[in-house]
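Inside the fold
What follows is the residue order along each chain.
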Amino acid sequence: MPPVGPRSGDAIFANIERVNAELFTLTYGAIVRQLLTDLEEVEEVNKQLDQMGYNIGIRLIDEFLAKSSVSRCVDFKETAEVIAKVGFKMFLGVTASVTNWDADGTCCSIVLEDNPLVDFVELPDTYQGLYYCNILSGVIRGALEMVSMKTEVTWLRDMLRGDDAYELQVKLLKQVPEEYPYKDDE
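Residues numbered from 1 in each chain as written. Predicted model: local features only at pLDDT ≥ 70, side-chain atom pairs only at ≥ 80, totals over all residues. Heavy atoms only, no water.

Taking an unreviewed UniProt entry as the reference, the protein chain is identified by name as Trafficking protein particle complex subunit belonging to Rubroshorea leprosula. In its Subunit (unreviewed entry) section, the UniProt record describing the protein chain reads: "Homodimer." Its UniProt record gives the protein chain the following Function (unreviewed entry) comment, quoted word for word: "May play a role in vesicular transport from endoplasmic reticulum to Golgi." (UniProt positions renumbered as here; feature names shortened; annotations may be inferred.)

Now the structure itself:
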């Protein structure tokens, strides 16, 4: 992997203002529980968590770029590595690995070794269709859209569903050309 930039995820995490992990985890759990109560349909809750994450991601990218001093990524592979090594460390205090690249370099998996959102969580059988951490897929999708990458982010494995890891698939749909609101030559 090429050097990520002047500041690693560990260095940023050490200097960033943090919230109590248990408070964060329990607050997120309360939000999910309230959504389950209000929306009743698990699929609707999944959509709502993704949309909430998307709204967070489109704002979170500004803080990430300001505090990480990461330079512009040259391709999608480098972008995925930065998300896994710097982004997850900076905002959740965990690192992830990037695996399972396709031949085109447009689809990969991000595997989380640890997930602080699921501390104290057990899914009852009635909610087995729930992607409890779907907010993370929305955050990634929203942040990447703000840097001109249209993506699709889905959960492949989830330890709350009995799998051995947390794995997100990130698929680049298209690179959106940057648009400028005015012409410089006028």
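Having put the structure on the table, let's press on.
**Notes on the overall build of the protein chain**
Within the protein chain, the regular secondary structure consists of five helices and four strands. Along the protein chain, helices (α) and strands (β) appear in the sequence α-α-α-α-β-β-α-β-β when read from the amino end. Across the 186 residues in the protein chain, those meeting the buried criterion constitute 42%. Here the analysis covers contacts within the protein chain between residues at least 6 apart in sequence; of these, 60% occur between residues at least 24 apart. A total of about 10,700 Å² of accessible surface is found on the protein chain, and carbon and sulfur atoms cover 51% of it. (Helix = DSSP H or I, 4+ residues; strand = E, 2+ residues; numbered from the N terminus. Buried < 20%, exposed > 50% of the residue type's maximum accessible area, 1.4 Å probe, protein only. Contact = heavy atoms within 4.5 Å. Areas by Shrake-Rupley, 256 points an atom, 1.4 Å probe, with all protein chains shown as cover.)

**Points about the pattern of salt bridges**
Inspection of the entire model under this criterion finds seven salt bridges. Measuring nitrogen to oxygen at the nearest pair gives 3.0 Å for the salt bridge that ties Lys 67 to Glu 63. Taken together, the residues Lys 67 and Glu 63, both in helix α3 (residues 42-68) and four residues apart, mark about one turn of the helix. Classification of Lys 67 as partly exposed rests on a relative accessible area of 36%. Here Glu 63 falls in the partly exposed class, since its relative accessible area comes to 30%. The salt bridge partner of Asp 164 is Arg 157, with a shortest N-O separation of 2.5 Å. A relative accessible area of 60% places Asp 164 in the exposed class. Note on Arg 157: relative accessible area 25%, which makes it partly exposed. (Salt bridge = Lys/Arg side-chain N within 4 Å of Asp/Glu carboxyl O.)

**Some remarks on the packing of aromatic side chains**
Applying the stated rule across the entire model yields two aromatic pairs. With a centroid separation of 5.3 Å and an interplanar angle of 90°, the aromatic rings of Tyr 28 and Tyr 132 are classed as edge-to-face. Here Tyr 28, found in helix α2 (residues 21-39), pairs with Tyr 132, found in the loop between β2 (107-112) and α5 (134-146); they are 104 residues apart in sequence, far enough to count as distant. Given the relative accessible area of 5%, Tyr 28 is considered buried. Pairing Phe 76 with Trp 101 gives two aromatic rings, centres 5.8 Å apart and planes at 90°, and the pair type is edge-to-face. Of this pair, Phe 76 sits in helix α4 (residues 76-92) while Trp 101 sits in the loop between β1 (96-99) and β2, and the two are 25 residues apart along the sequence. Residue class for Trp 101 comes out partly exposed when judged on its relative accessible area of 26%. Here the basic side chain of Lys 77 rests over the ring of Trp 101, its NZ or CZ set 5.4 Å away from the ring centre. Directly above the aromatic system of Tyr 131 lies the positively charged group of Arg 161, at a separation of 3.8 Å from the ring centroid. (Phe/Tyr/Trp six-rings, centres within 6.5 Å; stacked < 30°, edge-to-face > 60°. Lys NZ or Arg CZ within 6 Å of the ring centre and 35° of its normal.)

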